[in-house]
Amino acid sequence: MDLVYPPICVGCADAPWEEGELLCGACLQKVIRAAGRDCLRCGRVLGPHAERGNCRDCRGRSLFFARAYGAVAYRGEVRKLVRRMKIGRQSCLSGSLADWLADRLRQEKIGGQIDCVTAVPDRFSARLRRGFSPAGEIARRVAADLGLPYAPGALLRVKRTPRQVELGRHARIASPVGAFAARKDLVSGKRILVIDDVM
């Protein structure tokens, strides 16, 4: 099959991808891993001199979760991969994103602290347009990789929100407040890993 449809890098579209990845070696080297570079509260990937527990996104704010973890910075080749998955409606591209996140969570050794995995629910129109949930695909794969139960539908979208891509940074942070509710029958008393495709 590779002779007819050679596996071409999703990032540069020039070189063949590395085994088990969707990017070539050169593009993989440009991917910024979040581990050791992220805020210890909100998970935002920071610059080399930032204070890891007190970044500008979460400083002085109450957070309604214990900790956020990112896998990679949403820049360059990763942004291309995510956009192609979401806008190009290619659910198969969720594999690399899920692998990177599962690797990060294994590094943090949080598997034993989690009872189940769920995803941030899409807007209905986006789910209808794409035919799948990007966050759901990543969450399903991460749950399987870590040997944890996947609980689709544990979170419900209860309020319409604007598309995040149309909002500035502060509005993106404020927009989801009150937009979701948890299904008590699925989450009561449990420690839930909630996954989104972009933080």
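Our subject is the structure that appears above.
Residues numbered from 1 in each chain as written. Predicted model: local features only at pLDDT ≥ 70, side-chain atom pairs only at ≥ 80, totals over all residues. Heavy atoms only, no water.

Bringing the pattern of salt bridges into the picture now. Throughout the structure, instances matching the rule amount to eleven salt bridges. For R104, the salt bridge goes to D38, with nearest N and O atoms at 2.9 Å. Placement of R104 in helix α3 (residues 94–108) and of D38 in the loop between α1 (25–30) and α2 (76–86) is noted, with a sequence separation of 66 residues between them. Since its relative accessible area comes to 0%, D38 is described here as buried. One salt bridge in this structure joins E77 and K80, with 3.4 Å as the shortest N-O distance. On the criterion of helical spacing, the pair formed by E77 and K80 is a turn pair, its members being three residues apart in helix α2. Counted as one network, the salt bridges with shared partners bring together D38, R67, R104 and E108. (Salt bridge = Lys/Arg side-chain N within 4 Å of Asp/Glu carboxyl O. Helix = DSSP H or I, 4+ residues; strand = E, 2+ residues; numbered from the N terminus. Buried < 20%, exposed > 50% of the residue type's maximum accessible area, 1.4 Å probe, protein only.)

Another point: the environment of A35. Structurally, A35 can be placed in the loop between α1 and α2. Since its relative accessible area comes to 33%, A35 is described here as partly exposed. Separated by 70 residues in the primary sequence, A35 and L105 have C-alpha atoms spaced 9.7 Å apart. Beyond its immediate sequence surroundings of up to four residues, A35 is in contact with R104 and Q107. (Contact = heavy atoms within 4.5 Å.)

Checked against the element boundaries, S133 lands in the loop between α4 (124–130) and α5 (134–146). Polar side-chain contacts of S133 include one of 3.4 Å to the side chain of D122. If we ignore the near neighbours within four places in the chain, the residues touching S133 are D122 and R127. (Polar contact = N/O pair within 3.5 Å; in protein donor to acceptor, adjacent residues only side chain to side chain.)

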